[in-house]
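So the chains spell out like this:
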Amino acid sequence: MRVVVQGFGPFGDFAVNPSELLVRLLSERGDPDVIGEVLPVSKQRVATAVPELMKTHRPDLWLGVGLAAGRPALAIEAVAVNLAHWPQERADADGVSVARQPVTVHGPAAYLTTLPAEQILGAWRKAGIPGYLSQTAGSYLCNLSFYAAAQAAADLGVECRVGFLHVPLLPELVTEPDRQPSMSMALQAAGLDLVLAASQNASQGDGLYLGRTA
Ligand code: PCA
């Protein structure tokens, strides 16, 4: 099974993006079926690179990973929305901000994750790793990359599970310990491994909805 795991470079106040470290750790294992890619937090680069990667690798599984500072646990994103919206204060790596634009003019309003949510949550629970199903990936670059991957898979006819994992801050990135939750790299990496294993072992009907069989 071919897997693409796509993370992001640094952005905002954070010199390091844990998603980049996670992707590098995975790549260092040298599994030829697991392709790690780190993209800059740039609308233009993400919009171009994601469909290119989908076309080049035609993976069975696409997992985006990004930092969600302030979140208390790992989060599988339920949905990618066709909305790009972020203010100048959060301008991307090219200085670009957008106000209420579609990610893709001709795309649907949203794509639901095709990751096996229940299996992932169950695996985290069993391993004692805090995690939950998130109902929004926001409207910044993580949502955009997730939407773009789902759209590219649909456009190219790639039969691929597509999903997104948001991770908390690393302890060393916390500047306000009374307010900012964090999670160690070891726990984040273990949680990511379980997402990949559960997704690779999932049966055809396993997806977002509970009790669905197909
Ligand atoms: N987090 C941002 C973009 C890149 C990243 O790691 C987000 O949640 O949209």
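Details of the structure are given in the entry above.
Notes on the structure follow. Computed from a prediction, not measured in an experiment: that's the story for all the values here.

### Here we look at the overall build of the chain
Secondary structure assignment for the chain yields five helices and ten strands. The C-alpha radius of gyration computed for the chain amounts to 16 Å, which stays within 12% of the reference 17 Å derived for 214 residues, consistent with globular compactness. Projected onto its principal axes, the C-alpha coordinates of the chain cover approximately 45 × 40 × 35 Å. Here the chain holds 214 residues, and 50% of them are scored as buried.

### Description of the state of the cysteines
Across all of its chains, the model carries zero disulfides by this definition. With no disulfide partner, Cys 160 has as its closest neighbouring cysteine sulfur the one in Cys 142, 18 Å distant. Accessibility expressed as a relative area gives 14% for Cys 160, which makes it buried.

### Digging into the site of the ligand
In the vicinity of the ligand, the contacting residues are Phe 8, Phe 11, Asn 17, Val 41, Gly 66, Leu 67, Tyr 140, Leu 141, Cys 142 and His 166. Leu 67 is positioned with one of its backbone polar atoms (N or O) 2.8 Å from an oxygen atom of the ligand. The contact in question runs from an oxygen atom of the ligand to an N or O atom on the side chain of His 166, over 2.8 Å. Out of a free accessible area of 260 Å², the ligand has 95% covered by protein chains. Among the detected pockets, the ligand sits in the second largest pocket. Broken down by secondary-structure element, the contributors of at least two residues to the shell around the ligand are strand 3 (61-67) and helix 4 (141-156).

### Overview of the side chain of Thr 113
By secondary structure assignment, the location of Thr 113 is in the loop between strand 8 (110-112) and helix 3 (117-127). At a separation of 3.3 Å, a polar atom in the side chain of Thr 113 contacts the main-chain carbonyl oxygen of Val 162.

### Details of the sheet that holds strand 4 (residues 74-77)
Judged by pairing direction, the sheet is mixed, and its six strands sit side by side in the order 2-1-3-10-4-9 without closing on themselves. Two strands lie at the open edges of the sheet, namely strand 2 (34-39) and strand 9 (131-134), each paired on one side alone. Pairwise comparison of adjacent strand axes, ignoring direction, gives a mean angle of 25 degrees for this sheet. Its contacts with the sheet place helix 3 against strand 4, strand 9 and strand 10 (161-167), and it is angled at close to 155 degrees to strand 9.

### A closer look at helix 5 (residues 185-201)
Taking 1.5 Å per residue, 17 residues should reach 24 Å; helix 5 reaches 24 Å between its end C-alpha atoms and fits that length. Among all positions of helix 5, only Met 185, Gln 188, Ala 189, Gly 191, Leu 192, Val 195, Leu 196, Ala 198 and Ser 199 are buried. Here the buried face of helix 5 lies against strand 1 (3-8), helix 1 (18-28), strand 3, strand 4, helix 3 and strand 10.

### Observations concerning the packing of helix 3 against helix 5
Look at helix 3 against helix 5: their axes get within 9 Å of each other, and the N-to-C directions meet at 135 degrees. Judged by the inter-axis angle, helix 3 sits oblique to helix 5. Considering how the two elements wind past one another, helix 3 and helix 5 form a crossing that is right-handed. Between helix 3 and helix 5, the contacting residues are Gln 119, Ile 120, Ala 123, Trp 124 and Ala 127 on the first element and Gly 191, Leu 194, Val 195, Ala 198 and Ser 199 on the second.

Calculation criteria
Residues numbered from 1 in each chain as written. Predicted model: local features only at pLDDT ≥ 70, side-chain atom pairs only at ≥ 80, totals over all residues. Heavy atoms only, no water. Helix = DSSP H or I, 4+ residues; strand = E, 2+ residues; numbered from the N terminus. Rg over C-alpha atoms; globule rule 2.2 N^0.38 Å. Buried < 20%, exposed > 50% of the residue type's maximum accessible area, 1.4 Å probe, protein only. Disulfide = S-S within 2.5 Å. Near = heavy atom within 4 Å. Polar contact = N/O pair within 3.5 Å; in protein donor to acceptor, adjacent residues only side chain to side chain. Areas by Shrake-Rupley, 256 points an atom, 1.4 Å probe, with all protein chains shown as cover. 1 Å grid on protein atoms, 1.4 Å probe; cavity = no way out; pocket = protein on both sides within 12 Å on 5 of 7 lines; lining within 4 Å. Sits in = over half its atoms within 2 Å of the grid points. Pairing = 2+ DSSP bridges. Axes fitted to C-alpha atoms, helices over the stretch in contact; angles between N-to-C directions. Contact = heavy atoms within 4.5 Å. Expected span 1.5 Å × (residues − 1). Parallel < 35°, antiparallel > 145°, perpendicular 65-115°, else oblique. Left-handed = near helix turned anticlockwise from the far one by under 90°.

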